[in-house]
Amino acid sequence: MNAITALLNTDFGNPDGLYDSNLEHYFLDQCYWENIVEGKTYFVIGRKGTGKSAIYKWICNKQNEKGLLISNLSFRSFPFEKLLRLTDDDFSRPNQYQSIWKYIILSEFAKQIVLDQGNVDKSDSYMELIEFVNLRFGKHLNDLHSKITTQPQKTELGLQYRGIGPKTTSESAVQISDGLDNISEINIRLEDLILTNLANNQRAYIIQFDQLDDNYTLYVDNRKYFEALISLFKVVYSLNSVIAPYNNKAKVIAYLRSDIFYQFSSHDPDSAKFDYHTYHLNWSIVNKNDWDNPALLQLMNIRIENSIKELFGQSSFYYIFNKRFIKLRENDKPIEPFRYITHRTFHRPRDFVQFCIKIQDQAKHLNKLDYETVLTAEKDYSSWLIDELKNEIAPVIPATDTLFAFLRTLGTRPFTSSEFKDKFIKGRHQNIKKSPEALLRYLYELGMIMNVNISDSRTEFYSIIRNEKSSFEPRMKAVLHAGLIKGLHTFRE
């Protein structure tokens with residue numbers, strides 16, 4: 001089989017892992033189950049496109065094989081506007097959403113325990129949970145997290161829930177009623193019931209929160225959004241800590257973009273405690289040795305080999321993208337296609353898959369696979385990357401067209417901070433509501449520019465792509481990320 005035939009017959013998958021129907025066939029497992037489900041991980045953090053949702057989906061798909069009961073709570077269409085009004089004034093900022101988050105999680109655990117076909121427990125605590133679930137929710141147990149958020153009311157007596165609540169610890173004195181129940185009091189009893197049942201059956205129950213950042217673009221300037229997420233993370237942290245001594249196989253896991261997670265500390269210094277229980281997703285190729293067999297290359301090999309069985313066990317990516325035939329060049333020097341593509345990504349699976357799909361499309365259209373095919377595909381990929389960034393930038397800088405038009409004037413060569421400032425001022429970009437200094441820092445945080453140090457012997461790049469906690473150094477020169485160049489020059493205002 002020649003390279004172009006192999007390329008055209010490869011299923012590279014959906015760039016968004018959450019919607020990839022074939023994910024199970026070519027998922028690259030980097031000990032995620034051991035580290036996330038069985039380990040001490042409560043939080044999975046990574047940049048946009050690094051595979052958080054793919055892991056979230058993969059873990060859920062393994063529940064039958066592993067004998068677990070897993071609830072995946074998606075917040076893509078979650079009523080955040082409603083939740084942001086459900087503050088509990090018994091808590092100070094930024095903790096005022098803990099009551100509602102705790103109720104959502106405890107109710108989901110209650111549902112899992114009641115629906116668990118392997119649970120043969122008939123204890124009083126189990127029967128009380130059944131009563132709670134049946135009377136409160138009936139048969140409508142899908143999307144409890146969304147339904148629960150629409151029903152509580154904020155009153156002078158605190159956060160209240162209209163409907164059926166579990167009995168209090170003083171069962172003989174208080175009857176179940178259809179009146180308004182204080183959510184904090186419900187949580188106390190519900191937590192006690194959950195812990196008793198988890199200890200009795202020792203079953204593995206997992207609750208996962210994903211797509212929390214889908215609302216970020218709506219609330220990026222809204223402090224309440226960050227307070228709501230910080231409250232959730234504190235509830236996940238505290239509940240997991242309480243549950244572990246009763247049942248170390250039950251837990252809650254939250255997935256979030258790293259750029260949002262790293263802003264927690266500016267709203268609440270106490271959030272530093274999350275780090276010990278955090279799993280950081282990082283695909284970056286940093287050092288020279290990292291190029292030997294990087295995870296990104298393994299990711300592409302397994303997808304190609306799943307489609308082309310004849311290439312199994314070979315360097316399948318290099319078989320298709322052969323530098324002798326493609327003959328790519330960078331800085332007037334020959335370069336391996338894998339390095340060429342990597343340099344134009346943010347070292348994320350989504351970018352790499354998208355670039356390969358663009359090459360595949362062009363190879364089919366042009367009926368060839370050479371440097372022209374890759375360069376033509378790069379234009380489409382670069383435009384896609386800019387569209388991806390627009391979605392991320394728009395809440396901070398609404399004038400995205402103006403921003404990209406300005407970036408185009410920077411060219412491909414390194415520039416100083418003063419040169420950047422001069423061009424910015426001369427261009428009269430008043431509708432970009434940031435100072436040149438702040439804009440440079442922001443572009444660095446997005447990975448759109450990198451610091452560069454050029455000497456006679458070597459050129460060194462410093463980027464948030466390689467080090468997420470790094471920051472822009474104004475005394476060094478900067479350069480635009482290579483993946484944006486062609487997109488900026490095909491971009492039209």
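See the structure above.
Keep in mind that what you see is a predicted model, and the values were worked out from it rather than measured.

### Remarks on the layout of surface pockets
Stage number 1. Roughly 1600 Å³ of volume is contained in the largest pocket.
Stage number 2. Around the largest pocket sit 41 residues that line it, and Glu330, Asn331, His343, Thr459 and Phe461 are the ones nearest its centre.
Stage number 3. Listed by contribution, the elements that provide at least two residues to the lining of the largest pocket are strand S10 (333-334), helix H18 (337-343), strand S11 (449-454), strand S12 (459-462), strand S13 (477-480) and helix H24 (485-490).
Stage number 4. Of the residues in the lining of the largest pocket, the class split is 18 nonpolar, 12 polar and 11 charged.

### With respect to empty space enclosed by the protein
Stage number 1. All told, the structure shown has 2 cavities of 30 Å³ or more when counted by the stated rule.
Stage number 2. Reported here for the largest cavity is a volume of approximately 60 Å³.
Stage number 3. Among the residues making up the lining of the largest cavity, the classes are represented as 4 nonpolar, 4 polar and 2 charged.
Stage number 4. Here the second largest cavity is characterised by a volume of approximately 40 Å³.

### Topic: the packing of aromatic side chains
Stage number 1. A full pass over the atoms with the stated rule returns 31 aromatic pairs.
Stage number 2. Geometrically, the ring pair formed by Phe406 and Phe420 is edge-to-face, given 5.2 Å between the ring centres and 75 degrees between the ring planes. Pair noted here: Phe406 is in helix H21 (residues 400-408) and Phe420 is in helix H22 (residues 417-426), with a separation of 14 residues, a long-range link.
Stage number 3. For Phe406, a relative accessible area of 1% puts it in the buried group.
Stage number 4. By way of ring pairs, the aromatic residues Tyr42, Phe43, Phe233, Tyr237, Phe261, Tyr262, Phe264 and Phe274 are connected into one cluster.

### Brief notes about the packing of helix H7 (residues 98-115) against helix H10 (residues 183-201)
Stage number 1. Viewed as axis vectors pointing N to C, H7 and H10 meet at an angle of 35 degrees, and their least axial separation amounts to 9 Å. Note on packing geometry: the crossing formed by H7 with H10 is left-handed. Listed contacts from H10 to Ser99, Ile100, Lys102, Tyr103, Leu106, Ser107, Phe109, Ala110 and Ile113 of H7 are Ile183, Ser184, Ile186, Asn187, Leu190, Glu191, Ile194, Asn197, Leu198 and Asn201.
Stage number 2. Taken together, the residues that form the contact of H7 with H10 break down as 11 nonpolar, 6 polar and 2 charged.

### What to know about the sheet that holds strand S7 (residues 251-257)
Stage number 1. The 5 strands are arranged S2-S6-S7-S1-S8 in an open sheet whose pairing can be described as parallel. Bordering the open sheet on either side are strand S2 (69-74) and strand S8 (278-280), each of which pairs with just one other strand. For this sheet, the mean angle separating the axes of adjacent strands, direction not counted, is 20 degrees.
Stage number 2. Docked against the sheet, helix H4 (residues 52-61) engages strand S1 (43-46), S2, strand S6 (205-210) and S7, running at close to 150 degrees with respect to S2.
Stage number 3. Together, S2, S6 and S7 form the strand contacts of H7, whose direction differs from that of S6 by roughly 140 degrees.

### Observations regarding the nonpolar core
Stage number 1. Of all hydrophobic cores here, the largest spans 90 residues; its most connected members are Phe317 and Leu407.
Stage number 2. At 8 residues, the largest contribution of residues to this core is made by helix H20 (residues 371-393).
Stage number 3. In this view, Leu407 contacts Leu443, Met448, Leu480 and Leu488; residues no more than four positions away in its chain are not counted.
Stage number 4. Counting residues in hydrophobic clusters, the runner-up holds 56 residues, among them Tyr42, Leu83, Ile100 and Leu198.

### Structural notes on the pairing of S11
Stage number 1. With 4 bridges joining them, S11 and S13 adopt antiparallel strand pairing. Bridging from a neighbouring strand, Val452 pairs with Lys477 of S13.
Stage number 2. Both S11 and S12 contribute to a ladder of 4 bridges, which runs antiparallel. Following the sheet pairing, Asn451 is matched in S12 by Tyr462.
Stage number 3. Counting the residues between successive antiparallel strands, the hairpin from S11 to S12 contains 4 residues.

The rules behind the values
Residues numbered from 1 in each chain as written. Predicted model: local features only at pLDDT ≥ 70, side-chain atom pairs only at ≥ 80, totals over all residues. Heavy atoms only, no water. 1 Å grid on protein atoms, 1.4 Å probe; cavity = no way out; pocket = protein on both sides within 12 Å on 5 of 7 lines; lining within 4 Å. Points joined across faces, edges and corners; volume = space filled by probe spheres on them. Helix = DSSP H or I, 4+ residues; strand = E, 2+ residues; numbered from the N terminus. Nonpolar A, V, L, I, M, F, W, Y, C, P; charged D, E, K, R; others polar. Phe/Tyr/Trp six-rings, centres within 6.5 Å; stacked < 30°, edge-to-face > 60°. Buried < 20%, exposed > 50% of the residue type's maximum accessible area, 1.4 Å probe, protein only. Axes fitted to C-alpha atoms, helices over the stretch in contact; angles between N-to-C directions. Left-handed = near helix turned anticlockwise from the far one by under 90°. Contact = heavy atoms within 4.5 Å. Pairing = 2+ DSSP bridges. Core = buried A, V, L, I, M, F, W, Y, C linked by side-chain atoms within 4.5 Å.

Nothing here speaks to function; it is geometry throughout.
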